[in-house]
Structures are given as C-alpha cells and as structure tokens.
Amino acid sequence: MAESPLVKPFRALTWSDTSSADWALVQQCAAGDEVACTRLVTDNQRMVYQLGLQLLGDPQEALDLSQEVFLRVFRTLHQFRGQSTLRTWIYRIVVNQASNRQRWWRRRRRSLQVAIDDYVTGHGELAEWRSFASPDRLLQQRETAGRVWSALDDLPFDQRTAIVLREIHGLSYEEIADSLGVAVGTIKSRLARARTTLRAVLV
Amino acid sequence: MMFADCASIESDLGPFVDGELRGPKVLAILQHVERCPNCAAEVDAMRQLGEALRTAAPADPDAPAWDGLASTVISRTRAEADESWYSVLRRGGEDWHWVIVGAGSFAATVVSTTVLSAILAFGPRPERGDSLSALIRNSEMPVDAVPAYFDHEAMYLMFDDIGPMASRGETQLARRVVDESEESLTELEVVDELLARVAPKGRPVEFERMGAKERRRTEALLERMNQLRFSRLVPISATVGTLQVRFSASTSVRGL
C-alpha cells in the first residue's frame, strides 16, 4: 500500500485549537459587534455554502440556506455554551436547515437524477478541472462526477450527510456525531451503509 | 499476536480507513490486510471511493456565490432587531409550529374527553327502553334478583313483600285476565307468550311503556309463570308481589 492508513485525508480543527479565539468571537457577536459578526460569516461562509451545495445539490438553494444558517446562528448565539466547537455547532445548524429544505424539496417531487451537464451547471466545475489540460481526462472526470453526485443524491439524507462530512469535509466520527446529534456508533453504521450503496452503484 | 480472521475485522475496516482506530486494533488490521488480499482490496476500494467523492466535489466558483453574504446577513440581522413584536412572534411560531400543533392536539383531546365524560356523567339519561344504554342498564342484575332461564333466554325476577295484595289494584285486575284456558298452558307456552310481549323481535319493552291492557296481560302471564315455576319449589306463606321484571335477551345491534 502506497499510502499510510493512519493519515486522514483532512484533519479537522479541534475545539482546543480554537476555543479561546472562537469564544471571544462569539462574545463579541453576542454583544452586537458587527465587525465580529462579519468575521464570523466570512470565516465560515465557504464551509456553509459548500456543505449546503453538497447536501441540496442546488447553488441557489445553497445560497439561501447559507443566509438562513447565519441568521439562525446570530439569533441563537446566546444559546451557544461552548459544549462543542463553534464549527461543529454551525455544522449542526447547516444539517438541520438542509434537512428541512430537503424534505420541502422532495415533497415537490424534484427530480433526483443529475445529468452530467446539469451537474456542472449546478455545482460548478470540478476541483481539478483547471489543473489538467487533457480533454479526455476532463470528460472522464465530468462523467465520474455526475455519477458520483447522482449516487449521492439517491442516498438517504442521513447517510449522505455522514459520508459528505467524513469524506469531503474530513470531520472525525466524533465531530460528525456531534454535528448530527447522534451516537458515534450510529455514524459508523451510516458510513458503512453509505459506502456499500455507493460502491454498488459506482463500481 | 494471532492473525485475525476476516469476519472479526470486517466492521473495523471503515474506521481503519478513516483513521479512527487506535493501538492494538490498528496493528491487528495492518497485519491482516498484509496477508489477506480480499480485505486489502476492500480497504483500497474504500479509499478510492473517498478519493472519487473528493475529486467530484465542486471547486469554488470564480466569483464566489457567497460574495456579499456577510453584508446581507448583517443587514437582515439589523432589520430583525428593529422588527415588530408581531413579526418576532410569527417567526418564532414558524420554528415551533410542530410543537404548537402537538400541544393543540393534546389540548383538544383533553377538552373533548372532559366534555364527553361530563355529558355521560351528568347529562340526561335516554328515555327509550330499547336504546343501547338502556340495554346495558337493564343487563345489570341486582343482587337480590332471581335469575331465570327459559328456552336459552335469560331473565331475572325481583320479589318483595309489599303487604296485602288488595292494595295492588293492577295485580288484582291481572288475576282476572287469566282465564280458564290459560290454566292449562304449560310453562313453556307461558314463557313463549311472555317473551313475545316483553321482548318482541328481541327488543325488551319496559312495563311502563305498555298499554294498560297489554301490561295486565303480561303481569298475568308472569304470575302464571311464577305459579308454575316457584310454587313447586318455594313455599311462600307471605303475600308476594312482583315489583319489577327485567328481561335480558340476546339482542343484535346493527352496524352503522
């Protein structure tokens, strides 16, 4: 094996790394400091938007979701007690809001099939799109990406959230469990089921 | 260290790939994966899946969609701070709508149950003798009643010492309507006719609702039945008058 199994794709920041800075930021925001509020949004807006996009699959929905998430953050900031990291707390709000929107979305019979061209239109270009010049490679990447996101869309919301938070956002099991408000064992089983389903679809 | 089998480590392969295992478990899986091509392939497949997901993740757009997000959110926050109490309550209601719906349902259940119980407890009793509640009430046999069963039908009788029969004018009249021919009726025939009068078509009829003639005839039949049934069994020296006859019969209530 070329890669060490102990190395995670991403390393999540822990509360101990940022607690004092985040806590100070929270206090300033709660006191009505608009500069601090702006900083809280700019520090987390990319993460919120991307997670919303990955869970909902629609840029406009993700943008609306981002606004709602930050509004909710400021409305409920006084409830934040530092029992989890600020990032995990925001993740939880994103997931809850996305879950509500996703139910609304599905009730209106949105098509879950994502066409390849629709994928690029909706999600933007791939992360490595501009890095490789080969047209064949780009086409293959687009096709693969379309299949991947179509398969993700077909997953139950709980499993999709778990696999996205783990594989794309690099959260640990404990952070995912904290964000979703469930036990670590539940996350483990959701990830196992999601991987089994995705492999069956993609292989 | 023993070589772990595939089944025992299968559930740990995912956490292993995710770097969630520590200590001896990691070593056990490393040793196993080095010797087991199937599990090694499983680990590689999980890594490739993760790589595919990360590769498929969209890049940040050239003009980030979240440009201006902070100012928009701050503006809305500022506007919300100045909004009316009505708007605040309305927004709060949006978040708590399921709680409100649940509380409303519970309150409605409590109120309707209370009202229904009050009606049943204090409301007027039904006057119809053949109503369902009357049937239920009639089926409650008093302690001092005497059960009687005739031809698979059940009824009970109540007796009381009410003094001289001369004071019971109706009973005196009833004696007269039993003519000579009825003296020869068998017990079964008396019961059949009695049943036909007190429970026509399976529906019990209270004495109070019978016409005077019909009632006298029924009481006469009842007295005759008493003579046939009880004079043989219970020698009674005192004058006995029948105060009440309740009849319980199999009654079918049609579905709505």
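Residues numbered from 1 in each chain as written. Chains lettered and ligands numbered in written order. Predicted model: local features only at pLDDT ≥ 70, side-chain atom pairs only at ≥ 80, totals over all residues. Heavy atoms only, no water.

*Asks:* Would you mind showing me how to read the pattern of salt bridges here?
*Replies:* A side chain with one charge can pair with a side chain of the opposite charge if their charged atoms come near. Residues and elements named next belong to chain A. In this structure the tally under the stated criterion is 19 salt bridges over all chains. Put simply, Asp158 and Arg190 hold a salt bridge, and the shortest N to O gap is 3.7 Å. Highlighted residues: Asp158 in helix α7 (residues 157-168) and Arg190 in helix α9 (residues 184-202), separated in sequence by 32 residues. Accessibility expressed as a relative area gives 41% for Asp158, which makes it partly exposed. (Salt bridge = Lys/Arg side-chain N within 4 Å of Asp/Glu carboxyl O. Helix = DSSP H or I, 4+ residues; strand = E, 2+ residues; numbered from the N terminus. Buried < 20%, exposed > 50% of the residue type's maximum accessible area, 1.4 Å probe, protein only.)

*Asks:* I tried to follow the packing of α7 of chain A against helix α4 (residues 37-56) of chain B on my own but got confused; where do I start?
*Replies:* Close contact between α7 of chain A and α4 of chain B brings their axes to 9 Å; oriented N to C, the two are set at 90 degrees. Put simply, α7 of chain A runs roughly perpendicular to α4 of chain B. Between α7 of chain A and α4 of chain B, the contacting residues are Ile163, Glu167 and Ile168 of chain A on the first element and Met46, Gly50, Leu53 and Arg54 of chain B on the second. Taken together, the residues of the contact of α7 of chain A with α4 of chain B sort by class into four nonpolar, one polar and two charged. (Axes fitted to C-alpha atoms, helices over the stretch in contact; angles between N-to-C directions. Parallel < 35°, antiparallel > 145°, perpendicular 65-115°, else oblique. Contact = heavy atoms within 4.5 Å. Nonpolar A, V, L, I, M, F, W, Y, C, P; charged D, E, K, R; others polar.)

*Asks:* Please clarify how α4 of chain B should be interpreted in this entry.
*Replies:* Since the α-helix advances by 3.6 residues per turn, residues separated by three or four positions end up pointing in the same direction. End to end, α4 of chain B covers 28 Å across 20 residues, agreeing with the expected 28 Å (1.5 Å per residue, within 8%). The complete set of buried residues in α4 of chain B reads Cys39, Ala40, Val43, Met46, Arg47, Leu49, Gly50, Leu53, Arg54, Thr55 and Ala56 of chain B. (Expected span 1.5 Å × (residues − 1).)

*Asks:* In this structure, what is going on with the interface of chain B and chain A? I would like to understand it.
*Replies:* How big an interface is tends to be reported as the loss of accessible area on association of its parts. Contact residues are listed per partner, giving 42 residues for chain B and 52 residues for chain A. For the pair chain B and chain A, the summed buried area comes to about 4,200 Å², and 61% of that belongs to carbon and sulfur atoms. Summed over the three residues of chain B that lose the most area to chain A, namely Leu53, Pro58 and Trp66 of chain B, the buried surface amounts to 15% of that side. Linking chain B with chain A are seven salt bridges, by the criterion used here. Among the ionic pairs, Arg199 of chain A bridges to Glu42 of chain B, the shortest N-O distance being 2.7 Å. Only α2 (13-17), α3 (24-35), α4, α5 (69-81) and α6 (85-95) of chain B provide two or more residues apiece to the side of chain B that touches chain A. Considering each element in turn, the side of chain B that touches chain A owes the most residues, 12 residues, to α4 of chain B. (Buried area = accessible area lost by both parts, 1.4 Å probe.)

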